[in-house]
Protein chains: 2
Amino acid sequence: MKLVNQRSTELKVIYGPALAVDAVLFTIDKDELKILLIKINSGPYKNKWAFPGGLAQTKETLDETAKRVLFQKTNIDNVHLEQLYSFSDLKRDVRGRVVSVAYFALVNNPYNFKIKTTSYYSEISWWSVKNLPPMAFDHQKIVNYAFERLKSKIEYTNIVYSLLPEEFTLTELQNVYEIILDKKLDKRNFRKKMTSLDLIKKTGNKRKGEVHRPAELFCFNRRKLVFL
Amino acid sequence: MKLVNQRSTELKVIYGPALAVDAVLFTIDKDELKILLIKINSGPYKNKWAFPGGLAQTKETLDETAKRVLFQKTNIDNVHLEQLYSFSDLKRDVRGRVVSVAYFALVNNPYNFKIKTTSYYSEISWWSVKNLPPMAFDHQKIVNYAFERLKSKIEYTNIVYSLLPEEFTLTELQNVYEIILDKKLDKRNFRKKMTSLDLIKKTGNKRKGEVHRPAELFCFNRRKLVFL
DNA sequence: CCAAAAGTGTTTTAAGTACACCCATGG
DNA sequence: CCATGGGTGTACTTAAAACACTTTTGG
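Residues numbered from 1 in each chain as written. Chains lettered and ligands numbered in written order. Predicted model: local features only at pLDDT ≥ 70, side-chain atom pairs only at ≥ 80, totals over all residues. Heavy atoms only, no water.

A.B. asks: What is the right way to read the protein's contact with DNA strand C from this model?
C.D. replies: In the vicinity of DNA strand C there are 21 residues, among which Asn189(A), Thr171(B), Lys187(B), Arg191(B) and Glu216(B) approach most closely. Counting only the atoms of DNA strand C that lie within 4 Å of the protein, the sugar and phosphate share comes to 43%. The contact in question runs from a phosphate oxygen of DNA strand C to an N or O atom on the side chain of Arg191(B), over 2.5 Å. Looking at the surface near DNA strand C, the elements with two or more residues in it are helix H4 (187-196) of chain A together with helix H4 (187-196) and strand E11 (215-220) of chain B. (Near = heavy atom within 4 Å. Polar contact = N/O pair within 3.5 Å; in protein donor to acceptor, adjacent residues only side chain to side chain. Helix = DSSP H or I, 4+ residues; strand = E, 2+ residues; numbered from the N terminus.)

Structure, rendered in C-alpha coordinates:
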(Lines give C-alpha, C1' and ligand atoms only; values in the text may rest on other atoms or scores of the structure.)
Protein backbone atom coordinates (compact mmCIF):
# COMPACT_ATOMS: atom_id res chain seq x y z
CA MET A 1 0.00 0.00 0.00
CA LYS A 2 1.16 3.48 -0.72
CA LEU A 3 0.87 5.72 2.24
CA VAL A 4 0.55 9.28 1.22
CA ASN A 5 1.90 12.15 3.22
CA GLN A 6 -1.53 13.36 4.19
CA ARG A 7 -0.30 16.52 5.79
CA SER A 8 0.85 18.17 2.63
CA THR A 9 -0.72 18.67 -0.74
CA GLU A 10 2.14 16.98 -2.50
CA LEU A 11 1.60 13.27 -2.39
CA LYS A 12 4.78 11.70 -1.11
CA VAL A 13 4.98 7.97 -0.72
CA ILE A 14 6.07 7.18 2.79
CA TYR A 15 6.18 4.15 5.00
CA GLY A 16 4.45 3.88 8.31
CA PRO A 17 3.49 1.33 10.93
CA ALA A 18 0.50 -0.95 10.51
CA LEU A 19 -2.39 -0.34 12.86
CA ALA A 20 -4.03 -3.00 14.96
CA VAL A 21 -6.60 -3.17 17.73
CA ASP A 22 -6.48 -5.45 20.75
CA ALA A 23 -9.40 -6.02 23.07
CA VAL A 24 -8.95 -6.76 26.75
CA LEU A 25 -12.13 -8.50 27.81
CA PHE A 26 -12.82 -8.77 31.53
CA THR A 27 -15.31 -10.90 33.37
CA ILE A 28 -15.84 -12.12 36.89
CA ASP A 29 -15.99 -15.84 37.36
CA LYS A 30 -15.79 -17.85 40.57
CA ASP A 31 -14.83 -14.80 42.61
CA GLU A 32 -11.94 -13.93 40.34
CA LEU A 33 -11.37 -11.19 37.80
CA LYS A 34 -10.50 -12.87 34.54
CA ILE A 35 -9.49 -11.87 31.03
CA LEU A 36 -10.05 -13.68 27.80
CA LEU A 37 -6.92 -14.90 26.01
CA ILE A 38 -6.25 -16.86 22.88
CA LYS A 39 -3.34 -19.23 22.53
CA ILE A 40 -1.09 -18.76 19.53
CA ASN A 41 0.15 -22.03 18.11
CA SER A 42 2.70 -21.08 15.51
CA GLY A 43 5.26 -18.43 14.69
CA PRO A 44 7.54 -16.56 17.09
CA TYR A 45 4.78 -16.31 19.71
CA LYS A 46 3.93 -20.00 19.63
CA ASN A 47 2.47 -21.16 22.96
CA LYS A 48 2.02 -17.63 24.18
CA TRP A 49 -1.34 -16.06 24.86
CA ALA A 50 -2.76 -12.92 23.34
CA PHE A 51 -5.87 -10.75 23.38
CA PRO A 52 -8.36 -11.03 20.58
CA GLY A 53 -7.10 -8.49 18.06
CA GLY A 54 -6.63 -7.69 14.45
CA LEU A 55 -5.57 -5.12 11.93
CA ALA A 56 -7.62 -2.00 11.36
CA GLN A 57 -9.32 -1.81 8.01
CA THR A 58 -9.56 1.35 5.99
CA LYS A 59 -13.30 1.76 6.03
CA GLU A 60 -14.00 1.41 9.71
CA THR A 61 -13.36 3.46 12.81
CA LEU A 62 -11.22 1.95 15.54
CA ASP A 63 -14.31 1.43 17.68
CA GLU A 64 -15.75 -0.59 14.82
CA THR A 65 -12.49 -2.51 14.44
CA ALA A 66 -12.57 -3.42 18.11
CA LYS A 67 -16.16 -4.57 17.87
CA ARG A 68 -15.47 -6.54 14.72
CA VAL A 69 -12.35 -8.38 15.90
CA LEU A 70 -14.00 -9.27 19.17
CA PHE A 71 -17.01 -10.62 17.34
CA GLN A 72 -14.99 -12.47 14.71
CA LYS A 73 -12.75 -14.17 17.22
CA THR A 74 -15.24 -14.88 19.97
CA ASN A 75 -18.80 -14.25 18.75
CA ILE A 76 -19.16 -11.74 21.56
CA ASP A 77 -21.29 -8.75 20.65
CA ASN A 78 -23.06 -5.86 22.32
CA VAL A 79 -20.57 -5.15 25.03
CA HIS A 80 -19.34 -1.82 26.30
CA LEU A 81 -16.01 -1.26 24.50
CA GLU A 82 -13.79 1.63 25.43
CA GLN A 83 -10.51 2.86 24.04
CA LEU A 84 -7.61 2.54 26.46
CA TYR A 85 -4.34 3.64 24.95
CA SER A 86 -2.13 3.20 21.90
CA PHE A 87 0.95 1.07 22.31
CA SER A 88 3.84 1.62 19.97
CA ASP A 89 7.07 0.18 21.35
CA LEU A 90 9.36 -0.64 18.45
CA LYS A 91 9.81 -4.25 19.50
CA ARG A 92 6.28 -4.96 20.61
CA ASP A 93 5.76 -7.33 17.71
CA VAL A 94 8.98 -8.94 16.54
CA ARG A 95 7.47 -9.81 13.16
CA GLY A 96 6.98 -6.24 12.01
CA ARG A 97 6.04 -2.72 12.89
CA VAL A 98 2.55 -2.64 14.32
CA VAL A 99 1.02 0.00 16.53
CA SER A 100 -1.86 -1.32 18.58
CA VAL A 101 -4.77 0.61 19.96
CA ALA A 102 -5.97 -1.25 23.03
CA TYR A 103 -9.61 -1.39 24.03
CA PHE A 104 -11.21 -2.88 27.05
CA ALA A 105 -14.61 -4.41 27.56
CA LEU A 106 -16.58 -6.03 30.33
CA VAL A 107 -18.97 -8.95 30.08
CA ASN A 108 -21.29 -10.69 32.43
CA ASN A 109 -20.12 -14.21 33.09
CA PRO A 110 -20.88 -16.86 31.95
CA TYR A 111 -20.81 -15.60 28.38
CA ASN A 112 -21.75 -17.97 25.66
CA PHE A 113 -18.92 -17.46 23.20
CA LYS A 114 -17.62 -19.82 20.58
CA ILE A 115 -14.02 -19.71 19.52
CA LYS A 116 -13.47 -19.81 15.80
CA THR A 117 -10.32 -21.88 15.56
CA THR A 118 -7.72 -21.45 12.84
CA SER A 119 -4.28 -22.92 12.35
CA TYR A 120 -2.96 -19.85 14.11
CA TYR A 121 -5.35 -19.70 17.04
CA SER A 122 -6.80 -22.75 18.69
CA GLU A 123 -7.42 -22.52 22.34
CA ILE A 124 -9.33 -19.72 24.04
CA SER A 125 -9.89 -19.36 27.74
CA TRP A 126 -10.41 -17.10 30.70
CA TRP A 127 -7.39 -16.43 32.89
CA SER A 128 -7.32 -14.88 36.32
CA VAL A 129 -5.49 -11.55 36.19
CA LYS A 130 -3.60 -12.78 39.24
CA ASN A 131 -2.26 -15.80 37.40
CA LEU A 132 -1.64 -15.07 33.76
CA PRO A 133 0.10 -17.38 31.30
CA PRO A 134 3.11 -16.23 29.22
CA MET A 135 1.84 -13.37 27.12
CA ALA A 136 2.62 -12.60 23.48
CA PHE A 137 3.66 -9.18 22.15
CA ASP A 138 3.52 -6.45 24.81
CA HIS A 139 0.22 -7.80 26.06
CA GLN A 140 1.38 -8.06 29.65
CA LYS A 141 1.92 -4.32 29.60
CA ILE A 142 -1.52 -3.77 28.08
CA VAL A 143 -3.28 -5.89 30.67
CA ASN A 144 -1.58 -3.95 33.46
CA TYR A 145 -2.77 -0.72 31.93
CA ALA A 146 -6.31 -2.04 31.42
CA PHE A 147 -6.49 -3.34 34.96
CA GLU A 148 -5.48 0.04 36.40
CA ARG A 149 -8.06 1.77 34.24
CA LEU A 150 -10.75 -0.64 35.36
CA LYS A 151 -9.91 -0.14 39.02
CA SER A 152 -10.09 3.60 38.77
CA LYS A 153 -13.14 3.66 36.53
CA ILE A 154 -15.40 1.68 38.85
CA GLU A 155 -14.91 4.47 41.39
CA TYR A 156 -16.53 7.20 39.34
CA THR A 157 -18.78 5.44 36.81
CA ASN A 158 -21.38 2.69 36.73
CA ILE A 159 -19.39 0.42 34.38
CA VAL A 160 -19.72 -2.60 36.62
CA TYR A 161 -23.24 -2.96 35.25
CA SER A 162 -21.65 -4.93 32.40
CA LEU A 163 -20.25 -7.46 34.84
CA LEU A 164 -23.62 -8.19 36.43
CA PRO A 165 -26.86 -9.77 35.30
CA GLU A 166 -30.01 -7.69 34.98
CA GLU A 167 -30.94 -8.31 38.62
CA PHE A 168 -28.47 -8.69 41.45
CA THR A 169 -28.21 -8.37 45.20
CA LEU A 170 -26.19 -5.70 46.96
CA THR A 171 -23.87 -8.40 48.23
CA GLU A 172 -23.22 -9.54 44.68
CA LEU A 173 -22.51 -5.95 43.67
CA GLN A 174 -20.17 -5.55 46.61
CA ASN A 175 -18.35 -8.74 45.62
CA VAL A 176 -17.68 -7.30 42.18
CA TYR A 177 -16.09 -4.23 43.74
CA GLU A 178 -14.10 -6.29 46.23
CA ILE A 179 -12.76 -8.60 43.54
CA ILE A 180 -11.68 -5.78 41.26
CA LEU A 181 -10.20 -3.64 44.00
CA ASP A 182 -8.81 -6.72 45.73
CA LYS A 183 -9.84 -5.58 49.16
CA LYS A 184 -12.69 -6.01 51.62
CA LEU A 185 -15.25 -3.23 51.86
CA ASP A 186 -17.46 -2.40 54.79
CA LYS A 187 -20.96 -3.72 54.15
CA ARG A 188 -22.90 -0.84 55.72
CA ASN A 189 -20.81 1.89 54.15
CA PHE A 190 -20.98 0.21 50.77
CA ARG A 191 -24.75 -0.05 50.88
CA LYS A 192 -25.13 3.50 52.12
CA LYS A 193 -22.99 4.78 49.25
CA MET A 194 -24.67 2.69 46.58
CA THR A 195 -28.18 3.55 47.62
CA SER A 196 -27.33 7.26 47.92
CA LEU A 197 -25.96 7.40 44.37
CA ASP A 198 -28.74 7.35 41.86
CA LEU A 199 -27.40 4.36 39.93
CA ILE A 200 -29.46 1.40 41.08
CA LYS A 201 -32.99 0.73 42.26
CA LYS A 202 -34.94 -2.09 43.86
CA THR A 203 -36.81 -4.33 41.45
CA GLY A 204 -39.22 -5.50 44.14
CA ASN A 205 -38.11 -9.11 43.63
CA LYS A 206 -36.15 -11.21 46.06
CA ARG A 207 -33.58 -13.92 45.68
CA LYS A 208 -35.35 -16.82 47.39
CA GLY A 209 -34.63 -20.47 47.99
CA GLU A 210 -31.40 -20.13 49.90
CA VAL A 211 -30.72 -21.11 53.46
CA HIS A 212 -30.87 -17.61 54.83
CA ARG A 213 -32.93 -14.47 54.63
CA PRO A 214 -33.88 -13.64 51.02
CA ALA A 215 -31.97 -10.73 49.53
CA GLU A 216 -33.56 -7.75 47.81
CA LEU A 217 -32.83 -7.63 44.09
CA PHE A 218 -31.62 -4.45 42.42
CA CYS A 219 -31.05 -3.33 38.86
CA PHE A 220 -29.14 -0.44 37.30
CA ASN A 221 -31.23 2.58 36.37
CA ARG A 222 -29.36 2.79 33.09
CA ARG A 223 -27.38 0.06 31.41
CA LYS A 224 -25.04 2.44 29.72
CA LEU A 225 -22.04 4.39 30.92
CA VAL A 226 -22.88 7.05 33.50
CA PHE A 227 -20.35 9.27 35.25
CA LEU A 228 -20.95 10.31 38.83
CA MET B 1 3.93 -0.14 1.28
CA LYS B 2 2.73 -3.62 1.80
CA LEU B 3 0.98 -4.04 5.07
CA VAL B 4 1.21 -7.56 6.26
CA ASN B 5 -1.47 -9.25 8.27
CA GLN B 6 0.63 -9.28 11.39
CA ARG B 7 -1.78 -11.38 13.34
CA SER B 8 -1.27 -14.55 11.37
CA THR B 9 1.73 -16.41 10.13
CA GLU B 10 0.57 -16.26 6.56
CA LEU B 11 1.53 -12.95 5.09
CA LYS B 12 -1.53 -11.45 3.52
CA VAL B 13 -1.28 -8.09 1.87
CA ILE B 14 -3.92 -5.86 3.35
CA TYR B 15 -4.72 -2.20 3.36
CA GLY B 16 -5.06 -0.11 6.45
CA PRO B 17 -5.28 3.49 7.53
CA ALA B 18 -2.24 5.70 7.73
CA LEU B 19 -1.19 6.76 11.20
CA ALA B 20 -0.54 10.33 12.23
CA VAL B 21 0.12 12.23 15.43
CA ASP B 22 -1.25 15.64 16.34
CA ALA B 23 0.03 17.72 19.23
CA VAL B 24 -2.21 20.07 21.17
CA LEU B 25 0.12 22.59 22.75
CA PHE B 26 -1.26 24.72 25.57
CA THR B 27 0.13 27.82 27.15
CA ILE B 28 -1.13 30.67 29.27
CA ASP B 29 -0.69 34.14 27.88
CA LYS B 30 -2.29 37.38 29.03
CA ASP B 31 -4.63 35.59 31.41
CA GLU B 32 -5.95 33.29 28.70
CA LEU B 33 -5.46 29.61 27.96
CA LYS B 34 -4.19 29.34 24.42
CA ILE B 35 -3.28 26.64 21.95
CA LEU B 36 -0.81 26.71 19.12
CA LEU B 37 -2.26 26.41 15.62
CA ILE B 38 -0.83 26.47 12.14
CA LYS B 39 -2.70 27.88 9.19
CA ILE B 40 -3.04 25.68 6.15
CA ASN B 41 -2.79 27.61 2.93
CA SER B 42 -3.67 25.12 0.22
CA GLY B 43 -5.76 22.06 -0.43
CA PRO B 44 -9.22 21.26 0.91
CA TYR B 45 -8.39 22.73 4.31
CA LYS B 46 -7.09 26.01 2.92
CA ASN B 47 -7.47 28.86 5.43
CA LYS B 48 -8.29 26.48 8.24
CA TRP B 49 -6.10 25.99 11.27
CA ALA B 50 -4.59 22.76 12.52
CA PHE B 51 -2.37 21.40 15.25
CA PRO B 52 1.25 20.65 14.51
CA GLY B 53 1.17 17.05 13.34
CA GLY B 54 2.61 14.52 10.97
CA LEU B 55 2.67 10.92 9.94
CA ALA B 56 4.22 8.28 12.16
CA GLN B 57 7.38 6.74 10.85
CA THR B 58 8.18 3.08 11.12
CA LYS B 59 11.20 3.30 13.36
CA GLU B 60 9.87 5.52 16.09
CA THR B 61 7.36 5.17 18.90
CA LEU B 62 4.35 7.48 18.89
CA ASP B 63 5.85 9.43 21.78
CA GLU B 64 8.87 10.00 19.58
CA THR B 65 6.68 10.96 16.65
CA ALA B 66 4.91 13.54 18.77
CA LYS B 67 8.20 14.98 19.98
CA ARG B 68 9.61 15.04 16.47
CA VAL B 69 6.68 16.69 14.73
CA LEU B 70 6.43 19.32 17.43
CA PHE B 71 10.11 20.06 17.13
CA GLN B 72 10.13 20.05 13.34
CA LYS B 73 7.18 22.38 13.05
CA THR B 74 7.89 24.73 15.93
CA ASN B 75 11.41 24.14 17.28
CA ILE B 76 9.83 23.41 20.65
CA ASP B 77 11.62 20.72 22.60
CA ASN B 78 11.75 19.31 26.10
CA VAL B 79 8.12 19.63 26.99
CA HIS B 80 5.89 17.20 28.81
CA LEU B 81 4.00 15.34 26.07
CA GLU B 82 1.23 12.95 26.94
CA GLN B 83 -0.92 10.71 24.81
CA LEU B 84 -4.59 11.72 24.78
CA TYR B 85 -6.67 9.53 22.53
CA SER B 86 -6.80 8.10 19.02
CA PHE B 87 -9.25 9.65 16.60
CA SER B 88 -10.48 7.57 13.72
CA ASP B 89 -13.67 8.99 12.23
CA LEU B 90 -13.91 7.93 8.61
CA LYS B 91 -14.28 11.47 7.34
CA ARG B 92 -11.83 13.15 9.66
CA ASP B 93 -9.47 13.87 6.78
CA VAL B 94 -11.29 14.20 3.48
CA ARG B 95 -8.08 13.53 1.52
CA GLY B 96 -7.62 9.98 2.72
CA ARG B 97 -7.84 7.53 5.54
CA VAL B 98 -5.71 8.70 8.44
CA VAL B 99 -6.03 7.74 12.07
CA SER B 100 -4.54 10.32 14.38
CA VAL B 101 -3.17 9.78 17.84
CA ALA B 102 -3.54 13.05 19.69
CA TYR B 103 -1.02 14.22 22.26
CA PHE B 104 -1.09 17.22 24.48
CA ALA B 105 1.69 19.32 25.89
CA LEU B 106 2.09 22.37 28.07
CA VAL B 107 4.65 25.12 27.76
CA ASN B 108 5.59 28.12 29.79
CA ASN B 109 4.80 31.28 27.89
CA PRO B 110 6.45 33.14 26.24
CA TYR B 111 8.09 30.30 24.35
CA ASN B 112 10.68 31.18 21.79
CA PHE B 113 9.57 29.11 18.84
CA LYS B 114 10.26 29.65 15.18
CA ILE B 115 7.82 28.49 12.60
CA LYS B 116 9.38 26.68 9.68
CA THR B 117 7.22 27.83 6.83
CA THR B 118 6.44 25.76 3.76
CA SER B 119 4.11 26.22 0.89
CA TYR B 120 1.58 24.24 2.87
CA TYR B 121 1.97 25.94 6.24
CA SER B 122 2.76 29.58 6.67
CA GLU B 123 1.28 31.25 9.65
CA ILE B 124 1.53 29.97 13.20
CA SER B 125 -0.03 31.54 16.25
CA TRP B 126 -1.55 31.11 19.66
CA TRP B 127 -5.34 31.15 19.89
CA SER B 128 -7.46 31.45 22.96
CA VAL B 129 -9.42 28.25 23.52
CA LYS B 130 -12.43 30.49 24.02
CA ASN B 131 -12.10 31.98 20.59
CA LEU B 132 -10.78 29.50 18.07
CA PRO B 133 -10.55 30.03 14.32
CA PRO B 134 -12.12 27.57 11.83
CA MET B 135 -10.36 24.29 12.44
CA ALA B 136 -9.18 21.73 9.88
CA PHE B 137 -9.84 17.98 10.06
CA ASP B 138 -11.56 16.92 13.31
CA HIS B 139 -9.30 19.22 15.28
CA GLN B 140 -12.15 21.00 17.00
CA LYS B 141 -13.13 17.66 18.51
CA ILE B 142 -9.55 17.01 19.56
CA VAL B 143 -9.16 20.36 21.25
CA ASN B 144 -12.35 19.77 23.23
CA TYR B 145 -11.04 16.43 24.38
CA ALA B 146 -7.63 17.86 25.28
CA PHE B 147 -9.17 20.72 27.20
CA GLU B 148 -11.30 18.36 29.28
CA ARG B 149 -8.27 16.21 30.01
CA LEU B 150 -6.27 19.25 31.05
CA LYS B 151 -9.00 20.46 33.38
CA SER B 152 -9.28 17.13 35.14
CA LYS B 153 -5.55 16.47 35.23
CA ILE B 154 -4.61 19.64 37.09
CA GLU B 155 -6.79 18.40 39.95
CA TYR B 156 -4.76 15.31 40.71
CA THR B 157 -1.27 15.94 39.31
CA ASN B 158 1.35 18.68 39.30
CA ILE B 159 1.29 19.19 35.51
CA VAL B 160 0.80 22.93 35.78
CA TYR B 161 4.53 23.13 36.53
CA SER B 162 5.01 23.21 32.75
CA LEU B 163 2.93 26.35 32.48
CA LEU B 164 4.97 28.27 35.01
CA PRO B 165 8.52 29.58 35.20
CA GLU B 166 11.02 28.12 37.66
CA GLU B 167 9.94 30.56 40.37
CA PHE B 168 6.41 31.86 40.85
CA THR B 169 4.13 33.36 43.47
CA LEU B 170 1.12 31.59 44.91
CA THR B 171 -1.10 34.16 43.26
CA GLU B 172 0.44 33.34 39.89
CA LEU B 173 -0.14 29.66 40.53
CA GLN B 174 -3.73 30.35 41.52
CA ASN B 175 -4.23 32.36 38.33
CA VAL B 176 -3.16 29.35 36.27
CA TYR B 177 -5.79 27.22 37.98
CA GLU B 178 -8.47 29.88 37.66
CA ILE B 179 -7.78 30.38 33.96
CA ILE B 180 -7.87 26.66 33.17
CA LEU B 181 -10.91 25.92 35.31
CA ASP B 182 -12.52 29.19 34.28
CA LYS B 183 -13.69 30.04 37.77
CA LYS B 184 -12.55 32.00 40.77
CA LEU B 185 -10.98 30.12 43.66
CA ASP B 186 -10.82 31.13 47.30
CA LYS B 187 -7.38 32.49 48.08
CA ARG B 188 -7.04 31.06 51.58
CA ASN B 189 -8.34 27.62 50.69
CA PHE B 190 -6.14 27.49 47.62
CA ARG B 191 -3.01 28.37 49.58
CA LYS B 192 -3.88 25.97 52.37
CA LYS B 193 -4.33 23.15 49.88
CA MET B 194 -1.19 23.94 47.90
CA THR B 195 1.07 24.25 50.89
CA SER B 196 -0.34 21.08 52.45
CA LEU B 197 0.39 19.02 49.33
CA ASP B 198 4.06 18.30 49.05
CA LEU B 199 4.41 19.73 45.54
CA ILE B 200 5.94 23.15 46.00
CA LYS B 201 8.35 24.85 48.36
CA LYS B 202 9.54 28.37 49.16
CA THR B 203 12.71 29.41 47.41
CA GLY B 204 13.43 32.11 49.98
CA ASN B 205 13.32 34.79 47.31
CA LYS B 206 10.70 37.47 46.92
CA ARG B 207 9.15 39.22 43.98
CA LYS B 208 10.13 42.83 44.72
CA GLY B 209 9.74 46.16 43.01
CA GLU B 210 5.96 46.24 42.80
CA VAL B 211 3.64 48.71 44.42
CA HIS B 212 2.50 46.36 47.14
CA ARG B 213 3.84 43.87 49.63
CA PRO B 214 6.45 41.59 48.03
CA ALA B 215 5.27 38.04 47.37
CA GLU B 216 7.11 34.90 48.45
CA LEU B 217 8.46 32.91 45.52
CA PHE B 218 7.87 29.18 45.25
CA CYS B 219 9.15 26.41 43.02
CA PHE B 220 7.97 22.87 42.32
CA ASN B 221 9.76 20.14 44.24
CA ARG B 222 9.91 18.07 41.08
CA ARG B 223 9.58 19.33 37.52
CA LYS B 224 8.18 16.07 36.27
CA LEU B 225 4.74 14.51 36.45
CA VAL B 226 3.67 13.59 39.98
CA PHE B 227 0.28 12.14 40.93
CA LEU B 228 -1.27 13.07 44.22
C1' DC C 1 -0.97 58.32 53.74
C1' DC C 2 -2.95 55.87 50.04
C1' DA C 3 -3.52 52.12 46.72
C1' DA C 4 -2.63 47.50 45.73
C1' DA C 5 -1.85 42.86 46.24
C1' DA C 6 0.15 39.57 49.96
C1' DG C 7 -0.74 36.92 53.63
C1' DT C 8 -3.23 34.57 57.36
C1' DG C 9 -7.45 31.13 60.91
C1' DT C 10 -11.68 29.68 62.32
C1' DT C 11 -16.21 27.80 61.73
C1' DT C 12 -19.38 25.10 59.12
C1' DT C 13 -20.61 21.39 56.13
C1' DA C 14 -20.15 17.12 53.73
C1' DA C 15 -18.15 12.82 52.96
C1' DG C 16 -15.83 8.84 54.47
C1' DT C 17 -14.62 5.47 57.99
C1' DA C 18 -15.25 2.39 61.88
C1' DC C 19 -18.01 -0.57 64.17
C1' DA C 20 -22.07 -4.80 66.17
C1' DC C 21 -26.35 -6.60 66.41
C1' DC C 22 -31.02 -8.46 64.93
C1' DC C 23 -33.70 -10.65 60.89
C1' DA C 24 -35.62 -14.15 57.74
C1' DT C 25 -35.10 -18.32 55.78
C1' DG C 26 -34.25 -23.60 54.86
C1' DG C 27 -32.93 -27.65 56.72
C1' DC D 1 -33.49 -24.39 66.92
C1' DC D 2 -29.48 -23.57 64.41
C1' DA D 3 -26.53 -22.01 60.65
C1' DT D 4 -26.22 -18.67 57.09
C1' DG D 5 -25.96 -14.56 54.88
C1' DG D 6 -29.28 -10.15 54.76
C1' DG D 7 -30.07 -5.95 56.53
C1' DT D 8 -29.61 -1.71 59.45
C1' DG D 9 -27.67 3.36 62.42
C1' DT D 10 -24.62 6.17 65.00
C1' DA D 11 -20.33 8.34 66.37
C1' DC D 12 -15.85 9.87 64.77
C1' DT D 13 -12.57 11.71 61.58
C1' DT D 14 -11.07 14.15 57.62
C1' DA D 15 -11.46 17.19 53.76
C1' DA D 16 -13.70 20.98 51.54
C1' DA D 17 -16.12 25.41 51.67
C1' DA D 18 -17.29 29.92 53.36
C1' DC D 19 -15.71 34.02 54.99
C1' DA D 20 -12.66 39.39 56.46
C1' DC D 21 -9.05 41.68 58.15
C1' DT D 22 -3.95 43.02 58.72
C1' DT D 23 0.66 43.53 56.38
C1' DT D 24 4.14 45.37 53.36
C1' DT D 25 5.56 47.91 49.81
C1' DG D 26 6.12 51.99 46.16
C1' DG D 27 4.58 56.18 44.83
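On we go from here.
A.B. asks: Sorry, what's going on with the domain arrangement of chain A here?
C.D. replies: Residue and element names in this part refer to chain A. Considered domain by domain, chain A is made up of domain 1 (6-153) and domain 2 (159-220). Placing the centre of domain 1 and that of domain 2 at their C-alpha centroids yields a distance of 30 Å. Across the contact, 16 residues belong to domain 1 and eleven residues belong to domain 2. Taken together, the two surfaces of domain 1 and domain 2 that pack against each other cover about 1200 Å², and 71% of this comes from carbon and sulfur. Ranking the residues of domain 1 by area buried against domain 2 places Ile28, Leu106 and Asn108 at the top, with a combined share of 42%. Linking domain 1 to domain 2 there are one salt bridge. With its nearest N and O atoms 3.1 Å apart, the salt bridge here joins Lys130 to Asp182. The tally of links between domain 1 and domain 2 comes to two residue pairs in polar contact (both at pLDDT 80 or more). Only strand E3 (18-29), strand E4 (32-40), strand E8 (98-106) and helix H2 (139-156) provide two or more residues apiece to the side of domain 1 that touches domain 2. The residue makeup of the side of domain 1 that touches domain 2, split by class, is eight nonpolar, three polar and five charged. (Domains from an automatic or database assignment. Contact = heavy atoms within 4.5 Å. Buried area = accessible area lost by both parts, 1.4 Å probe. Salt bridge = Lys/Arg side-chain N within 4 Å of Asp/Glu carboxyl O. Nonpolar A, V, L, I, M, F, W, Y, C, P; charged D, E, K, R; others polar.)

A.B. asks: Any chance you could explain helix H2 (residues 139-156) of chain B here in plain terms?
C.D. replies: Since the α-helix packs 3.6 residues into each turn, any two residues three or four apart lie on the same face. Residue and element names in this part refer to chain B. If you check H2, its first and last C-alpha atoms are 26 Å apart, about what 18 residues at 1.5 Å a residue would give, namely 26 Å. Of the residues making up H2, those classed as buried are His139, Ile142, Val143, Ala146, Leu150, Lys153 and Ile154. For H2, the angular spread of buried residues about the axis comes to 95°, placing them on one side. Looking at the packing, one finds that the buried side of H2 touches strand E3 (18-29), strand E4 (32-40), strand E5 (49-50), strand E7 (80-87), strand E8 (98-106) and helix H3 (170-181). (Expected span 1.5 Å × (residues − 1). Buried < 20%, exposed > 50% of the residue type's maximum accessible area, 1.4 Å probe, protein only. Arc of directions from axis to C-beta.)

A.B. asks: Quick question: what am I supposed to make of the protein's contact with DNA strand D here?
C.D. replies: In the vicinity of DNA strand D there are 21 residues, among which Lys187(A), Arg191(A), His212(A), Glu216(A) and Arg213(B) approach most closely. Taking Lys192(A), its side chain carries an N or O atom lying 3.0 Å from a base oxygen of DNA strand D. Between DNA strand D and the protein, one listed contact pairs a base nitrogen with a side-chain N or O atom of Asp186(B) at 3.2 Å. For the surface near DNA strand D, the secondary structure elements donating two or more residues are H4 and strand E11 (215-220) of chain A together with H4 of chain B. Of the residues that constitute the surface near DNA strand D, the class distribution is five nonpolar, four polar and twelve charged.

A.B. asks: Looking at this structure, I do not really get the side chain of Ser88(B). What am I missing?
C.D. replies: Residue placement: Ser88(B) occurs in the loop between E7 and E8. Among residues more than four places away in sequence, those in contact with Ser88(B) are Thr61(A), Leu62(A), Arg97(B) and Val99(B).

A.B. asks: Help me understand a nonpolar patch on the surface, please; the structure alone is not making it clear to me.
C.D. replies: Taken together, the side chains of Tyr156(A), Phe227(A) and Leu228(A) present a nonpolar region at the surface, about 320 Å² in accessible area. Inspection of the secondary structure puts Phe227(A) in the segment after E11. (Patch = residues over 30% accessible without salt bridge, like charges linked within 9 Å, V, L, I, M, F, W, Y side chains within 5 Å. Areas by Shrake-Rupley, 256 points an atom, 1.4 Å probe, with all protein chains shown as cover.)

A.B. asks: Hey, could you run me through the pattern of salt bridges in this one?
C.D. replies: Side chains that carry opposite charge are capable of pairing whenever their charged atoms lie near each other. All names here are of chain A. Within this structure, the stated rule accounts for 35 salt bridges over all chains. Across the pair Lys30 and Asp29 runs a salt bridge whose closest N-O atoms are separated by 3.6 Å. For Arg68, the salt bridge identified is with Glu60, shortest N-O distance 2.7 Å. Assessed through its relative accessible area of 7%, Glu60 is described here as buried. When salt bridges that share partners are traced, they join Asp22, Arg92 and Asp138 into one network.

A.B. asks: Can you walk me through the nonpolar core in this structure?
C.D. replies: A general tendency of soluble globular proteins is for nonpolar side chains to be buried together. With 50 residues, the main nonpolar core has Leu19(A), Leu25(A), Leu62(A), Leu19(B), Leu25(B) and Leu62(B) as its most contacted residues. Not counting the four nearest positions on each side in its chain, Leu19(B) is found in contact with Pro17(A), Leu19(A), Val99(A), Leu55(B), Ala56(B), Leu62(B), Val99(B) and Val101(B). Among the nonpolar cores identified, the runner-up in size contains 41 residues, and Val24(A), Leu84(A), Ile159(A) and Leu173(A) belong to it. (Core = buried A, V, L, I, M, F, W, Y, C linked by side-chain atoms within 4.5 Å.)

A.B. asks: Help me understand the layout of surface pockets, please; the structure alone is not making it clear to me.
C.D. replies: A water-sized probe, rolled over the atoms, reveals where empty space remains. Estimates place the volume of the largest pocket at around 1000 Å³. In terms of lining residues, the largest pocket is bounded by 30 residues, among which Leu84(A), Tyr145(A), Arg149(A), Tyr145(B) and Arg149(B) are the most central. Counted by class, the lining of the largest pocket contains 15 nonpolar, five polar and ten charged residues. (1 Å grid on protein atoms, 1.4 Å probe; cavity = no way out; pocket = protein on both sides within 12 Å on 5 of 7 lines; lining within 4 Å. Points joined across faces, edges and corners; volume = space filled by probe spheres on them.)

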